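If you want the building blocks of each chain, they are given just below.
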Amino acid sequence: MCSYLDQVGSTYYFRRTVPKGLVGTFLTSSGRARTEWKYTLGTKDRETAKRRLRPHEIETDALIDNARAQARSSEQSLPVCGAAQERELEIEAARLELAQESQARRAMRRELRTAWRKRRETSTAELTPEQAAAIDLLREQDAEIEELRRAVAIMEAGNAALGIPPKASRRSASRLSITELFERYAKSGAANLKTVSKWRSAVARLVAHLGHDDAALVTRMDLNGWTAALVTSGLAKKTIVDGYLPAARAAFAMAFESGHIPANPVTGLKVRAPNRQS
């Protein structure tokens, strides 16, 4: 068994987590607290990767052993309060690392959104079928949004001519949390614990995509955008249909059945992507 062998796509990597007690001891090239070592092994062959793994394992073993030896030496001369302060510094370093990673993920998402907006204007000939399907869906959404804007403009112009004041922007009178709706479903016992655990991460991914957690504000176009993003991320159609849509459908069913929304927007939702194994 190769504990530190990791595969991303078809390429193998050496990946080893920094022990919790040593977080903040090692730094990345940018000066941040290192949480793991990850190096490409430059091969798609597992046996070759296993041979190339050992030097990195030896190197990190030495780094960890040395750091622990230094820590033991320091602890022997540190008063109790000094050890407590050191622990606080470790915790703060971990918090800083999480904040930096979160900021980096948000920046990456902004860059990807910008790239996909530009991508919609160019040819899809060189894209994979999944990516091309996602682009097609985004283009259809653009057309639907533009058509809706024109219809709203015509309606508002007609209302203005009749002296009817414009309505306030659509807002949820009281926030209807998608996450809380799903937790209500989970507590109902309608699904087993293993299924609930899988679906909970799908609901979290939906909320992250939407940028809010209010079920009353979610439209079919929002959900089309979500499924397109899942396809673009590399998930298979079967994975999305079997593992993501049921989770969202369960949460919105709770809102629909309680009368908070007029319909379940997930019902009948289609995933446009080639059929393949996940």
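Everything discussed here concerns the structure shown above.
These numbers were taken from a predicted model, which means no experiment stands behind them.

Now for the pairing of strand β1 (residues 5-8). Relative to strand β2 (residues 11-17), β1 runs antiparallel, the two sharing four bridges. Paired with Val8 across the two strands is Thr11, which belongs to β2. Where β1 folds back on β2, the antiparallel hairpin that results is connected by two residues, among which Gly9 adopts a positive phi of roughly 70 degrees.

Moving on, we come to the pattern of salt bridges. Enumeration over the complete set of coordinates arrives at seven salt bridges. One salt bridge connects Arg54 with Glu57, and the closest N-O pair in it is separated by 3.2 Å. Pair noted here: Arg54 and Glu57 are both in helix α1 (residues 46-77), with a separation of three residues, about one helical turn. The residue Asp242 makes a salt bridge to Lys238 at a minimum N-O spacing of 2.7 Å. Separated by four residues within a single helix, Asp242 and Lys238 lie in helix α7 (residues 237-243), roughly one turn from each other. Take Lys238: its relative accessible area is 47%, and that puts it in the partly exposed class. Each of Asp6, Arg15 and Glu36 takes part in one network of salt bridges that share partners.

Positive charge collects at one region of the surface, where Arg105, Arg106, Arg109, Arg110 and Arg113 lie side by side. By the secondary structure assignment, Arg106 is in helix α2 (residues 80-119). A relative accessible area of 44% means that Arg106 is categorised as partly exposed.

Here the focus is the packing of helix α4 (residues 178-187) against helix α8 (residues 245-257). With their axes 8 Å apart at the nearest point, α4 and α8 run at an angle of 90 degrees to one another. By the angle class used here, α4 and α8 are roughly perpendicular. Counted together, Ile178, Leu181, Phe182, Arg184 and Tyr185 of α4 and Ala247, Ala250, Ala251, Phe252, Met254 and Ala255 of α8 form the full contact between these two elements. Here the residues of the contact of α4 with α8 sort into ten nonpolar, no polar and one charged.

Moving on to the environment of Pro274. Inspection of the secondary structure puts Pro274 in the segment after α8. Sequence separation of Pro274 and Lys237 is 37 residues, and the distance between their C-alpha atoms is 6.7 Å. With residues up to four places along the chain from it excluded, the contact list for Pro274 reads Pro129, Glu130 and Lys237.

Okay, the nonpolar core next. Counting residues in each nonpolar core, the largest one holds 36 residues, and the members touching the most others are Ile178, Trp226, Ile240 and Phe252. Counting residues per element, this core draws most heavily on α8, which supplies eight residues. What Phe252 contacts, discounting residues up to four positions off in sequence, is Ile178, Leu206, Ala215, Val218, Ile261, Asn264, Pro265 and Val266. Leu5, Phe14, Trp37 and Ile64 belong to the second largest nonpolar core, which has 13 residues in total.

Moving on, we come to the sheet that holds strand β3 (residues 36-40). Strand order in this open sheet of three strands is β1-β2-β3, and the pairing throughout is antiparallel. Both edges of this open sheet fall to β1 and β3, since each of them pairs with a single strand only. Across the sheet, the mean angle separating the axes of adjacent strands is 35 degrees when strand polarity is ignored. Where β2 lies against β3, five bridges are found, and the strand directions are antiparallel. Within β3, the position partnered with Phe14 by the bridge is Tyr39.

Moving on, we get to the packing of α4 against helix α5 (residues 193-210). Taken N-terminus to C-terminus, the directions of α4 and α5 make an angle of 170 degrees; their axes are 10 Å apart at the nearest point. By the angle class used here, α4 and α5 are roughly antiparallel. Once α4 is placed against α5, the crossing between them reads as right-handed. Between α4, through Ile178, Thr179, Phe182, Glu183, Tyr185 and Ala186, and α5, the contact on the second element is made entirely by Val196, Trp199, Arg200, Val203, Val207 and Leu210. Looking at the contact of α4 with α5 residue by residue, the class counts come to nine nonpolar, one polar and two charged.

Conventions used here
Residues numbered from 1 in each chain as written. Predicted model: local features only at pLDDT ≥ 70, side-chain atom pairs only at ≥ 80, totals over all residues. Heavy atoms only, no water. Pairing = 2+ DSSP bridges. Helix = DSSP H or I, 4+ residues; strand = E, 2+ residues; numbered from the N terminus. Salt bridge = Lys/Arg side-chain N within 4 Å of Asp/Glu carboxyl O. Buried < 20%, exposed > 50% of the residue type's maximum accessible area, 1.4 Å probe, protein only. Patch = residues over 30% accessible without salt bridge, like charges linked within 9 Å, V, L, I, M, F, W, Y side chains within 5 Å. Areas by Shrake-Rupley, 256 points an atom, 1.4 Å probe, with all protein chains shown as cover. Lys, Arg positive; Asp, Glu negative; His and termini not counted. Charge placed at Lys NZ, Arg CZ, Asp CG, Glu CD. Axes fitted to C-alpha atoms, helices over the stretch in contact; angles between N-to-C directions. Parallel < 35°, antiparallel > 145°, perpendicular 65-115°, else oblique. Contact = heavy atoms within 4.5 Å. Nonpolar A, V, L, I, M, F, W, Y, C, P; charged D, E, K, R; others polar. Core = buried A, V, L, I, M, F, W, Y, C linked by side-chain atoms within 4.5 Å. Left-handed = near helix turned anticlockwise from the far one by under 90°.

Shape descriptors only; they carry no functional weight alone.
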